[in-house]
Amino acid sequence: MLKGKPFVKWAGGKRAIVSKLISLSPIEFNTYYEPFVGGGAMLFELSPKKAVINDYNKELMNVYSCIKDENKFTLMCKELNKHEINHSEEYYYKIRDLDKDSKKFNKLIDYKRAARTIYLNKACFNGLYRVNSKNEFNVPFGKKTKINTYDGVNLGIIYTYLNLNEIDILSVDFEEAVKDAKKGDFIYFDPPYDSDTNTFNSYTENGFDKDEQRRLAEVFKKLDKKGCFVMLSNYNTPLIQDLYKDYNFNYIKVKRNIGAKAKDRFEIEEVIITNYKND
Ligand SMILES: C[S@@+](CC[C@H](N)C(=O)[O-])C[C@H]1O[C@@H](n2cnc3c(N)ncnc32)[C@H](O)[C@@H]1O
């Protein structure tokens, strides 16, 4: 089976460690839940037949929904072709700033919003998705004179995957996204990282602080009690060690690159935590 690849660059993307995540996944499970799906590296590699995918980012999840719908998919690609032709610094800021008029932006048809999200991801500085407290996209121009916004073959593979399988697409808070999970289901949590330094974690207008990490750990425990297979990745920090001390830790060194400067590239220890053992 052909597998899709992430169609956007996403901070915290899991492409580099996806084979490790797969090797730590349960061999058999019922429904797969990915409440922080982002660019979908793990989803595409695992390619489960039944899944609930979610991210709080509505613009991102709208892209998944548009790829799944044949008509919207075609229109979105046409719109992307238009963006590629018109691409310039001035054009970038015109498309980026559409969300400054929230009334008008909310009326923008879904496939055009999806194309805007992909275009901004490819044309902005370093492929970051960052919004301000008013939920306005605020990443500057990436200075590329020519851009390629999509790989038609890859999007075709994703379209087929989303349609030939039972995939529900949500955009809610993580706790809500897993509320129907049952015994035998597999949940993979890839939340914004816990960090004491200034690492990027402002994916949403609300951010994700230590209280959110604690709330997530409670949800992890509830799912564990229900008999679900639960896996979670994060940085190896004292808080994460404490919150998940009753579970299994796997350590992995990852090269992260979140900015353009040398100080933004670093090797860090990440952990993959599971409530089961599959060896
Ligand atoms: C580390 S990233 C996930 C990266 C993803 N696994 C990938 O491979 O691209 C964390 C994601 O959590 C989302 N997020 C932040 N707060 C959330 C919440 N309360 N509920 C659900 N998703 C949330 C962000 O929008 C972001 O996409």
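In this text, all values refer to a predicted model and were calculated from it rather than measured experimentally.

### Remarks on the overall build of the chain
Piece 1. The secondary structure content of the chain amounts to eleven helices and seven strands.
Piece 2. Radius of gyration (C-alpha) of the chain: 19 Å, near the 19 Å computed for a compact globule of 279 residues.
Piece 3. The dimensions of the chain, computed from C-alpha atoms along their principal axes, are 55 × 45 × 35 Å.
Piece 4. Within the chain, the fraction of its 279 residues that count as buried is 37%.
Piece 5. Sequence separation of at least 24 residues holds for 72% of the intrachain contacts in the chain that already meet a minimum separation of 6.

### A few points about the packing of helix α4 (residues 70-86) against helix α7 (residues 110-123)
Two quantities define a packed helix pair, namely the angle between the axes and the distance from one axis to the other.
Piece 1. Running from amino to carboxyl end, α4 crosses α7 at an angle of 45 degrees, the nearest separation of the two axes being 8 Å. Looking at the two axes, α4 sits oblique to α7. When you trace α4 past α7, the crossing you get is right-handed. For the pair α4 and α7, contact is made by K72, L75, M76, E79, L80 and H83 and by D110, Y111, K112, A114, A115, I118 and Y119, respectively.
Piece 2. Residue classes in the contact of α4 with α7 are distributed as eight nonpolar, one polar and four charged.

### A look at helix α8 (residues 152-164)
Piece 1. Its 13 residues place the ends of α8 18 Å apart at the C-alpha level, agreeing with the 18 Å of an ideal helix rising 1.5 Å per residue.
Piece 2. Within α8, the full set of buried residues consists of L155, I158, Y161 and L162. Buried residues of α8, viewed axially, fall in a sector of 120 degrees; they line one side. Seen from the buried face of α8, the exposed residues on the opposite side, beyond 90 degrees, are G152, V153 and L164.

### Topic: the nonpolar core
Piece 1. In this structure, I67, M76, I118, V178, I187, L223 and V230 are the most contacted members of the largest nonpolar core, which totals 65 residues.
Piece 2. Counting residues per element, this core draws most heavily on α7, which supplies seven residues.
Piece 3. There are two domains that each give this core at least three residues, and those are domain 1 (15-56 + 172-274) and domain 2 (64-152).
Piece 4. Here V178 is in contact with Y33, P35, I187, V219 and L223, once residues within four sequence places are set aside.

### Focus: the pairing of strand β4 (residues 186-189)
In regular strands, side chains alternate between the two faces of the sheet.
Piece 1. Where burial is concerned, the two faces of β4 agree: the one with F186 and Y188 and the one with I187 and F189 are both buried.
Piece 2. Pairing of strand β1 (residues 32-34) with β4 involves two bridges; the strand directions are parallel. Considered in β4, the bridge of Y32 is made with F186.
Piece 3. Where β4 and strand β5 (residues 229-235) come together, four bridges link them in parallel fashion. By the bridge assignment for β5, F189 is matched with L232.

### Thoughts on helix α10 (residues 210-226)
Each turn of an α-helix holds 3.6 residues, which means side chains three or four residues apart point in the same direction.
Piece 1. With 17 residues, α10 should cover 24 Å at 1.5 Å per step; its first-to-last C-alpha distance of 25 Å lies within 8% of that length.
Piece 2. Residues of α10 that are buried include every one of L216, V219, F220 and L223, and no others. Axial view of α10: buried residues confined to an arc of 105 degrees, hence all on one face. Along α10, exposed side chains directed more than 90 degrees from the buried face belong to D211, R214, E218 and K225.
Piece 3. Looking at the buried side of α10, the elements it contacts are α9 (174-177), β4 and β5.
Piece 4. One or two residues past the end of α10 sits G227, with phi positive at roughly 95 degrees.

Procedures and definitions
- Residues numbered from 1 in each chain as written.
- Predicted model: local features only at pLDDT ≥ 70, side-chain atom pairs only at ≥ 80, totals over all residues.
- Helix = DSSP H or I, 4+ residues; strand = E, 2+ residues; numbered from the N terminus.
- Rg over C-alpha atoms; globule rule 2.2 N^0.38 Å.
- Buried ≥ 20, exposed ≤ 12 C-beta atoms within 10 Å, placed from the backbone.
- Contact = placed C-beta atoms within 7 Å.
- Axes fitted to C-alpha atoms, helices over the stretch in contact; angles between N-to-C directions.
- Parallel < 35°, antiparallel > 145°, perpendicular 65-115°, else oblique.
- Left-handed = near helix turned anticlockwise from the far one by under 90°.
- Nonpolar A, V, L, I, M, F, W, Y, C, P; charged D, E, K, R; others polar.
- Expected span 1.5 Å × (residues − 1).
- Arc of directions from axis to C-beta.
- Core = buried A, V, L, I, M, F, W, Y, C linked by C-beta atoms within 7 Å.
- Domains from an automatic or database assignment.
- Pairing = 2+ DSSP bridges.

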